[in-house]
Amino acid sequence: MTDLKKSHNETSETDNDANRIAVHSIDDRQKIDSQQVSIKSWSKKLLVVILCVASFYGGWKSYESNMVNECTANGGQMVDGQRTMICQLS
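What you see is a predicted model, and the numbers here were worked out from it, not measured in a lab. (Residues numbered from 1 in each chain as written. Predicted model: local features only at pLDDT ≥ 70, side-chain atom pairs only at ≥ 80, totals over all residues. Heavy atoms only, no water.)

This paragraph deals with the confidence of the model for the protein chain. Considering every residue of the protein chain, the mean pLDDT works out to 76; 57% of them sit at 70 or more. Within the protein chain, strand β1 (residues 76-80) carries the highest mean pLDDT (86), whereas helix α1 (residues 2-73) carries the lowest (75). (pLDDT = per-residue confidence, 0-100. Helix = DSSP H or I, 4+ residues; strand = E, 2+ residues; numbered from the N terminus.)

Looking now at a nonpolar patch on the surface. Taken together, the side chains of F56, Y57 and W60 present a nonpolar region at the surface, about 390 Å² in accessible area. Along the chain, W60 falls in helix α1. (Patch = residues over 30% accessible without salt bridge, like charges linked within 9 Å, V, L, I, M, F, W, Y side chains within 5 Å. Areas by Shrake-Rupley, 256 points an atom, 1.4 Å probe, with all protein chains shown as cover. Salt bridge = Lys/Arg side-chain N within 4 Å of Asp/Glu carboxyl O.)

Side chains that carry opposite charge are capable of pairing whenever their charged atoms lie near each other. Per the stated rule, a full pass over the model turns up 1 salt bridge. Residue E64 is joined to K61 by a salt bridge in which the shortest nitrogen-to-oxygen separation is 3.4 Å. Placement of the pair is E64 and K61 together in helix α1, with a separation of 3 residues, close to one helical turn.

Scanning all chains against the criterion turns up 1 disulfide. Across the disulfide, C71 is cross-linked to C87 (sulfur-sulfur distance 1.9 Å). Taking the sign of the S-S torsion, 90° for the link of C71 and C87, the bridge is right-handed. Here the residue C71 occupies a position in helix α1, and C87 occupies one in strand β2 (residues 85-89), the gap between them amounting to 16 residues. Since its relative accessible area comes to 3%, C71 is described here as buried. (Disulfide = S-S within 2.5 Å. Buried < 20%, exposed > 50% of the residue type's maximum accessible area, 1.4 Å probe, protein only.)

So, on to the pairing of β2. Pairing between β1 and β2: 5 bridges, direction antiparallel. Considered in β2, the bridge of V79 is made with I86. (Pairing = 2+ DSSP bridges.)

Time to look at the environment of G75. Relative to the elements of secondary structure, G75 occurs in the loop between α1 and β1. Residue G75 is classed as partly exposed on the basis of its relative accessible area, which comes to 41%. Distance from G75 to L89, taken between C-alpha atoms, is 6.3 Å for residues 14 residues apart in sequence.

Below, the structure written as structure tokens:
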């Protein structure tokens, strides 16, 4: 009878060890997953910032081009100012 209890206790101890290992591996996996999510979110944020800057720059250049086209269509000529372009009508 004592042998059965002893083997049962040994089995439950190994089950507990297996459960502890499983819990540790789950915790480790969650840490790794959270790091991967963090890296992905930072790369997405960086991509969004880059796309916003590119969009702003493209819109600014498009606006300048439209102003130059409008100036020349009205018979004017673009003159360089200190910081701006000036349309000088002839």
